[in-house]
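# Coordinate analysis (summary)
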Amino acid sequence: MSEKKNQNIVAIITMIFLFGMVGFVTNLAAPVANIWKNQPGINGSNALGMMGNMMNFLAYLFMGIPAGKMLYKNGSKKTILIAITVGFLGVFVQYLSGVIGVNPANTGIPASYFVYLLGAFISGFSVCMLNTVVNPMLTLLGGDSKRGNQFVQIGGTFNSLMGTLTPMLVGALIGTITPATAFKDINLVLYIAMAVFVLAFVVINFLTLVDPDTAATTDDKDVPNPWKYRHFIMGVFAIFCYVGVEVGTPGTLNLYLSDATAKGGGLSGNAAAIAGFCAGSYWFLMLIGRFASSLISGKVSSRVQLAVTSGVTLLLVLCAIFSSKETLVSMPVFNGHGFGMETVPVAALLLVLVGLCTSVMWGCIFNLAVEGLGKATALASGIFMTMVVGGGILPLIQNFIADKATYMTSYWLVIAGFGYIFFYALVGSKPKNK
């Protein structure tokens, strides 16, 4: 009994570490959009700038279900090692996009851009596989609904820590964006990512991971069909909406504050650095929220947490949309030279506060949607990973709206997403067979 407990502890720590790797790689695409949108041939398009984010999440659409089957048949350790190898390859291809050169004729989209998109797509396969392993492992290792959600929230805390550091580091390395700013300027971030993947592969290769009883088997006949559960089906769409608005809120905020035109936030000086740290503050608040949730999730149900946070989020985003750009507040950020108080539109502060609410939503939605699925949990996790493609589709649509209208107008799409999540918390998450 003691040996099994020790094995579970090792597995829990490993899953939490991998959760952090997911955050590091995933949150690289949004701040990098500031570089690509200003490259010759792309001409300031927010939508094209966010295509790397789109490619990263598009991989979930293709890999989600196969990743669930891979976990189901091969177990956690083999799936993790494959995911880490693919992740290293994806980051390396992105690195190559900064090496192959620029577009000297300044005509058309540069070839390096397409290499970068390929690298982002490959990286998406990796984080999809890692996510497929991490969530069911932490949920099942918890032993019950509330305890499982608590472990997911702890893992999410470490995920948010990495998500906080990534846009901050990218923003600090970029500083002020000029036509000469290139992808290779953030090579330090890529070196760190590749080193982490190598270290993780070595460490995990020597670990013994024991899959939960419901995770690894080769007999498909005994596995119930998760699609027969209404709360699971509605939860799948809730995950699609959640990841889309979770990524789109800070990603579009970063572009808004970095924009030096009249549409932008009106920042002066090192706008990209300030914008990166504002976006990083969003992920930092997610860290705080997930840590707090990990302390209370053993006592407060996932349904209550999701209903309260989605309701508050709707109010925050609505206030941001109707706020005036001339209404300013001070926020502590890194301005390119050091830390200090910088003046930003009040909408920036309101949207950063959204991170405190979105922090608990992933774990709550996942926990509610897989309730009662038993042996189908691993396969259900793969289906969930497919719908994470929302993190690419919705931000792309949001920034297309921003290109055609205004940045704040694009946040009505975010309102729609959080509105559905609020509905799911109150009605759709109640278990009922289809």
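Residues numbered from 1 in each chain as written. Predicted model: local features only at pLDDT ≥ 70, side-chain atom pairs only at ≥ 80, totals over all residues. Heavy atoms only, no water.

## Quick notes on the overall build of the protein
Per the secondary structure count, the protein includes 16 helices and 2 strands. Considering the protein as a whole, with its 434 residues, one finds that 60% of them fall into the buried category. Counting contacts in the protein only where the partners sit at least 6 residues apart, residues at least 24 apart contribute 84% of the total. Surface summary for the protein: the accessible area is close to 16,400 Å², and the carbon and sulfur share equals 69%. (Helix = DSSP H or I, 4+ residues; strand = E, 2+ residues; numbered from the N terminus. Buried < 20%, exposed > 50% of the residue type's maximum accessible area, 1.4 Å probe, protein only. Contact = heavy atoms within 4.5 Å. Areas by Shrake-Rupley, 256 points an atom, 1.4 Å probe, with all protein chains shown as cover.)

## Examining the environment of M129
You can see M129 is positioned in helix α6 (residues 111-141). Exposure remark for M129: the relative accessible area of 3% places this residue in the buried category. Placed 59 residues apart in sequence, M129 and M70 show a C-alpha to C-alpha distance of 8.6 Å. Beyond its immediate stretch of four places on either side in the chain, M129 contacts M63, A67, M70, T79, I82, A83 and V86.

## Examining the environment of I397
Mapped onto the fold, I397 is located in helix α15 (residues 390-404). Assessed through its relative accessible area of 38%, I397 is described here as partly exposed. A sequence separation of 347 residues divides I397 from M50, and the C-alpha atoms of the two residues are 9.9 Å apart.

## Topic: the confidence of the model for the protein
Caution is warranted with low-pLDDT regions, since their predicted coordinates should not be read in detail. For the protein, per-residue confidence averages 84 on the pLDDT scale, and 87% of positions sit at 70 or higher. Confidence over residues 214-218 falls short of pLDDT 50; this stretch has 12 contacts with residues more than four positions distant or in other chains. (pLDDT = per-residue confidence, 0-100.)

## Describing helix α13 (residues 361-369)
The buried fraction of α13 is high, at 9 of 9 residues. Taken as a whole, α13 has its buried residues at M361, W362, G363, C364, I365, F366, N367, L368 and A369.

## Concerning the side chain of S281
Here S281 shows up in helix α10 (residues 271-296). For S281, a relative accessible area of 14% puts it in the buried group. Among residues more than four places away in sequence, those in contact with S281 are M168, M331 and V352.

## What about the packing of aromatic side chains?
Counting across every chain of the model gives 20 aromatic pairs. Taking the centre distance of 5.3 Å and the plane angle of 55° together, the rings of Y116 and F183 count as tilted. Here Y116 is found in helix α6, whereas its partner F183 is found in the loop between α7 (145-174) and α8 (187-205), with 67 residues between them in sequence. Take Y116 and F183: they sit in the same class, and that class is buried. An aromatic cluster is defined as three or more aromatic residues linked by ring pairs; in this entry it consists of W36, Y113, F114, Y116 and F183. (Phe/Tyr/Trp six-rings, centres within 6.5 Å; stacked < 30°, edge-to-face > 60°.)

## Observations regarding the environment of I174
When you line up the elements, I174 lands in helix α7. Here I174 falls in the buried class, since its relative accessible area comes to 9%. Sequence-wise, I174 and P31 are 143 residues apart; in three dimensions their C-alpha atoms are separated by 9.6 Å. Leave out the neighbours within four places in its chain, and I174 touches P31, I35, T181, I186 and A272.

## Some thoughts on a nonpolar patch on the surface
On the surface, F88, F92, L96, V99, I100, V198, F201, V202 and F206 cluster together into a nonpolar patch covering about 790 Å² of accessible area. If you list the elements that add at least two residues to the nonpolar patch, you get α5 (76-97) and α8. Tracing the backbone shows F92 in helix α5. (Patch = residues over 30% accessible without salt bridge, like charges linked within 9 Å, V, L, I, M, F, W, Y side chains within 5 Å. Salt bridge = Lys/Arg side-chain N within 4 Å of Asp/Glu carboxyl O.)

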